[in-house]
Amino acid sequence: MATPTTAARGQQQREGERRVVSNIVRGSIGNLIEWYDWYAYTAFSVYFASVFFPSGDQTAQLLNTAAVFAVGFLMRPIGGWVLGRYADRRGRRAALTLSVTLMAAGSLIVALTPSYGSIGVAAPVLLVAARLLQGLSVGGEYSTSATYMSEVASPGRRGYYSSFQYVTLIAGQLTALGLQIVLQQLLSTAQMESWGWRVAFVVGAAGAVVVLWLRRGMDESESFERAAEEGGKGDTEQSGPARGSLRLLLSYPRQCLTVVGLTMGGTLFFYTYTTYLQKFMVNTSGIAKPTAAWINFFALLVFVVLQPVMGLLSDRVGRRPLLIAFGVLGTVVVVPSLTLLSHTSDPVYAFLLMVGPLAVSSLYTSISAVVKAELFPTSIRALGVGLPYALTVAVFGGTAEYVALWFKNAGHENWYFFYVTACVLVSLLVYIRMRETSDASPLDEDASRSRG
């Protein structure tokens, strides 16, 4: 029979785990809405490309929307810097609340902007402004949510809990695709191109209001509270550069370069097989838009399920083995999968050619956030995760669609396949050289040991 002390300790542990789950859920739902808003652009761009830009052929219009998508990524490093600094100084909860507010504003602008035929060049200008605002939001959301989820997770289960960042990230894309499928069933193609696509952005703005309420009830991470308290007492770590400053970040050059290297191939591979592949199926394979949406939906559903499985596996075997496996398989699978997909219009075959590489991608995506968080101490973690990551994503992930369509427009679409392969290979070299980051001890102790 358990003693009162043992029973009380068990009750405390259960209560602590419930608080962890509650905070993860609140943070995750907010993350879902943020990424829903971000991906609604790519999901519905096949319908609104002709609304915001002058008439022309389909590839040219998609090229314009892809350029705006890439421009949005230019703000992500600024968002990673501004909101990362804010999160390291004012708290994770405050930064997460601010980021979802910015995303809601961007979605509302897209939903309400008139067509090119009505207001001329002001239409694409407003579209760019909205994407810049959303880029600022997403740049801060990724780093802060990655930091928050890893800090509130139970030691020894960080890989599992942190994997839910990509669960909700992809769930946001699935929600956008799901709404697209529903609207496709209810509306004609003409209605979708005229006004149906605007529904998606109205839904995103409304969902953000719910998220604001949820995030106000989240606990601040204990790691941040400890760091803030120690900083107020003038501890040795805080006696130098200010918490969340670029000067402090520059004292971790190896960690910053590691974030760049491990992100480059992973993010380009991810965006190739998620946001771009739907357009590839329509524009290259000749698959109908509704069919391509269904293929993407079910493939991404499988992808979501794999995230916590791989996260849990990383808690058992470590982060580095999964990253190396991704690097090896990723360099092998890109050229054959995209080449075969370009020559088929069979939905089942196309689904298999998408879901296979996504399974490979899950080796990276499931642990991407926690690996970066484990590289930095609490005082610089949000900025350390956010800025180098956002810079890398802006250069490689944000330009993925544009580069792919540019190669296609130039008549050398298959060159893009080799470009993705080369980037994954570079990341593989980083995975082989980097040290293991996982540990069962508190996160702030892990990262503080990695300095230098």
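The model shown is predicted, which means the values in this text are computed figures rather than measured ones. (Residues numbered from 1 in each chain as written. Predicted model: local features only at pLDDT ≥ 70, side-chain atom pairs only at ≥ 80, totals over all residues. Heavy atoms only, no water.)

Draft legend 1. Region of the structure containing the confidence of the model for the protein. When pLDDT is averaged along the protein, the result is 81, and 85% of the positions lie at 70 or above. Ranking the elements of the protein by mean pLDDT puts helix α18 (residues 443-449) last, at 48, and helix α13 (residues 319-342) first, at 95. Below pLDDT 50 for its whole length, residues 234-239 participates in 6 contacts with residues either more than four positions away or in separate chains. The low-confidence segment residues 445-452, where pLDDT is below 50, has 25 contacts with residues more than four positions distant or belonging to other chains. (pLDDT = per-residue confidence, 0-100. Helix = DSSP H or I, 4+ residues; strand = E, 2+ residues; numbered from the N terminus. Contact = heavy atoms within 4.5 Å.)

Draft legend 2. Looking closely at helix α17 (residues 414-433). Across its 20 residues, α17 extends 30 Å between first and last C-alpha, which sits within 8% of the 28 Å expected from 1.5 Å per residue. Taken together, the buried positions of α17 are occupied by Y416, F417, V420, T421, C423, V424, S427, L428 and Y431. The arc enclosing the buried residues of α17, seen along the axis, measures out at 165°, which places them on a common side. (Expected span 1.5 Å × (residues − 1). Buried < 20%, exposed > 50% of the residue type's maximum accessible area, 1.4 Å probe, protein only. Arc of directions from axis to C-beta.)

Draft legend 3. Just the environment of L133, in detail. By secondary structure assignment, the location of L133 is in helix α5 (residues 122-152). Relative accessible area serves as the criterion here: at 23%, L133 is assigned to the partly exposed category. Sequence separation of L133 and S99 is 34 residues, and the distance between their C-alpha atoms is 9.8 Å. Beyond its immediate stretch of four places on either side in the chain, L133 contacts L102, A105, G106 and I109.

Draft legend 4. View of the nonpolar core. F44, W197, F269, Y271, M281, F376 and Y416 are the most contacted members of the largest nonpolar core, which has 109 residues in total. When residues in this core are grouped by element, the largest group, 14 residues, is from helix α11 (residues 253-285). The next biggest cluster of nonpolar side chains, apart from the first, holds 8 residues, and it includes V20, I24, M149 and Y161. (Core = buried A, V, L, I, M, F, W, Y, C linked by side-chain atoms within 4.5 Å.)

Draft legend 5. Layout of the packing of α11 against α17. In the contact formed by α11 and α17, the axes pass within 7 Å of each other and the chain directions differ by 150°. When the axis of α11 is compared with that of α17, the two are roughly antiparallel. Along this stretch, α11 crosses α17, giving a crossing that reads as left-handed. Here α11 contributes T258, G261, L262, T263, M264, G265, G266, L268, F269, T272 and F280 to the contact with α17, which in turn contributes Y416, F417, Y419, V420, C423, V424, V426, S427, V430 and Y431. Within the contact of α11 with α17, the residues separate by chemical class into 14 nonpolar, 7 polar and no charged. (Axes fitted to C-alpha atoms, helices over the stretch in contact; angles between N-to-C directions. Parallel < 35°, antiparallel > 145°, perpendicular 65-115°, else oblique. Left-handed = near helix turned anticlockwise from the far one by under 90°. Nonpolar A, V, L, I, M, F, W, Y, C, P; charged D, E, K, R; others polar.)

Draft legend 6. View of the environment of V199. Summarising the element assignment, V199 is placed in helix α8 (residues 189-216). On a C-alpha basis, the gap between V199 and L183 in space is 8.8 Å, while along the polypeptide they are 16 residues apart.

Draft legend 7. Layout of the packing of helix α3 (residues 92-112) against α8. For the pair α3 and α8, interaxial distance at closest approach is 8 Å and the crossing angle is 160°. As summarised for this structure, α3 and α8 are arranged roughly antiparallel, according to the angle between their axes. As α3 packs across α8, the resulting crossing turns out to be left-handed. Residues R93, L96, T97, S99, V100, T101, A104, S107, L108, V110, A111 and L112 of α3 pack against W197, R198, F201, V202, A205, A208, V211, L212, R215 and R216 of α8. Of the residues that constitute the contact of α3 with α8, the class distribution is 14 nonpolar, 4 polar and 4 charged.

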